[in-house]
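Structure assessment
One-letter residues, chain by chain:
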Amino acid sequence: SGRCQGLCRFEKGRDHAMEWILHVSSVTNAMRGKALLERHGFTAHVQRAVDAQGNNGCGYSILTSGNVDRAEQILQSAGIRVRGRREAGSHDIPR
């Protein structure tokens, strides 16, 4: 209801911050990072890393929205290395 259950940008009639994908090395770091970002007020989802063609790759990703620099800083301060980041596309929506 009042809270966004998915990536809010794709909900009809809502205007939210840009979504980002932060690549991390393991499912453990992805789950830790998701919980950490949520404690800091971010919406976050974990998924297998996906390459530009939509194929599963190595590692895991955290989908989040808002200030990506701040999100990355939070993760790094907790010892979670961000291997890369990119803007999320419609194929990145969690199902």
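In what follows, the accompanying structure is described. Keep in mind that this is a model prediction, so the values were computed, not measured.

The next point concerns the overall build of the protein. Each helix and strand in the protein was counted, giving two helices and four strands. The linear arrangement of helices and strands in the protein, starting from the amino end, is β-α-β-β-α-β. Going through the 95 residues of the protein one by one, you find that 37% of them count as buried. Accessible area for the protein stands at about 5700 Å²; split by element, carbon and sulfur atoms hold 46% of it.

For the rest of this paragraph, the subject is the pattern of salt bridges. This structure, assessed with the given rule, holds three salt bridges. Linking R85 and D69 is a salt bridge whose minimum nitrogen-to-oxygen distance equals 2.9 Å. In this pair, R85 sits in strand β4 (residues 84–87) while D69 sits in helix α2 (residues 68–77), placing the two residues 16 residues apart along the sequence. You can call R85 partly exposed: its relative accessible area is 36%.

Turning our attention to the packing of aromatic side chains. Two aromatic rings, taken as a pair, are described by how far apart their centres are and by the angle between their planes. Within this structure, the stated rule accounts for zero aromatic pairs. Residue placement shows R48 over the ring face of Y60; its charged tip is 5.1 Å from the ring centre. Between the NZ or CZ atom of R85 and the centre of the ring of W20, over which it lies, the distance is 5.8 Å.

A few words now on the pairing of strand β1 (residues 19–24). Counting buried positions along β1 gives six out of six residues, so the element sits mostly inside the fold. Residues E19, I21 and H23 line one face of β1 and the alternating positions W20, L22 and V24 line the opposite face, and both faces are buried. Of the strand pairs in this sheet, β1 and β4 are connected by four bridges, and their pairing is antiparallel. Note that in β4 the partner of L22 across the bridge is R85.

This part takes up the nonpolar core. A general trend in soluble globular proteins is that nonpolar side chains are found buried together. Judged by nonpolar contacts, the single largest core of 15 residues is most densely connected at L22, L37, I62 and L75. Ranked by residues supplied to this core, first place goes to α2 with four residues. L37 has contacts with F42, A44, I62, T64, A71, I74 and L75, leaving out every residue within four places of it along the chain.

Cut-offs and rules
Residues numbered from 1 in each chain as written. Predicted model: local features only at pLDDT ≥ 70, side-chain atom pairs only at ≥ 80, totals over all residues. Heavy atoms only, no water. Helix = DSSP H or I, 4+ residues; strand = E, 2+ residues; numbered from the N terminus. Buried < 20%, exposed > 50% of the residue type's maximum accessible area, 1.4 Å probe, protein only. Areas by Shrake-Rupley, 256 points an atom, 1.4 Å probe, with all protein chains shown as cover. Salt bridge = Lys/Arg side-chain N within 4 Å of Asp/Glu carboxyl O. Phe/Tyr/Trp six-rings, centres within 6.5 Å; stacked < 30°, edge-to-face > 60°. Lys NZ or Arg CZ within 6 Å of the ring centre and 35° of its normal. Pairing = 2+ DSSP bridges. Core = buried A, V, L, I, M, F, W, Y, C linked by side-chain atoms within 4.5 Å. Contact = heavy atoms within 4.5 Å.

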